Amino acid sequence: MTKFVKDPDAVLDYVVDWSDFLDDDTITGAPVWTMPAGLTKDSQSNTGTTATAFISGGTAGNGYTVACKITTAAGRTDERSFVIVVRQK
């Protein structure tokens, strides 16, 4: 699983690239982001092949698993997860 490190005061964008999974398909609607308690999704956007969330918060010393679920024009669904480790920088 992919891990990212952020400062507790940072607001950073996290991008999930679905292009390898999609082939000629595209993302439809808004991806569903699952945020654990302690993190906040400040905003989100998507293109036909990527999903982006701006995430803030977290407590230094903790790791948080974030999930992103999409639905495609062909009716497929998939979910990807990654870990954000919060460290005071």
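Quick summary incoming for the structure in this document. (Residues numbered from 1 in each chain as written. Predicted model: local features only at pLDDT ≥ 70, side-chain atom pairs only at ≥ 80, totals over all residues. Heavy atoms only, no water.)

This next bit is on the packing of aromatic side chains. Applying the stated rule across the entire model yields 5 aromatic pairs. A ring pair is formed by Phe4 and Tyr14, whose centres lie 5.4 Å apart and whose planes are at 70 degrees; its orientation type is edge-to-face. Here the residue Phe4 occupies a position in strand S1 (residues 2–6), and Tyr14 occupies one in strand S2 (residues 12–17), the gap between them amounting to 10 residues. Measuring from ring centre to ring centre gives 5.4 Å for Phe4 and Phe82, while their planes differ by 90 degrees; the resulting arrangement is edge-to-face. Residue Phe4 is located in strand S1, and its partner Phe82 is located in strand S7 (residues 77–86); the two are separated by 78 residues in the primary sequence. For Phe4, a relative accessible area of 33% puts it in the partly exposed group. In this structure Phe82 comes out as buried when scored by relative accessible area, which is 5%. (Phe/Tyr/Trp six-rings, centres within 6.5 Å; stacked < 30°, edge-to-face > 60°. Helix = DSSP H or I, 4+ residues; strand = E, 2+ residues; numbered from the N terminus. Buried < 20%, exposed > 50% of the residue type's maximum accessible area, 1.4 Å probe, protein only.)

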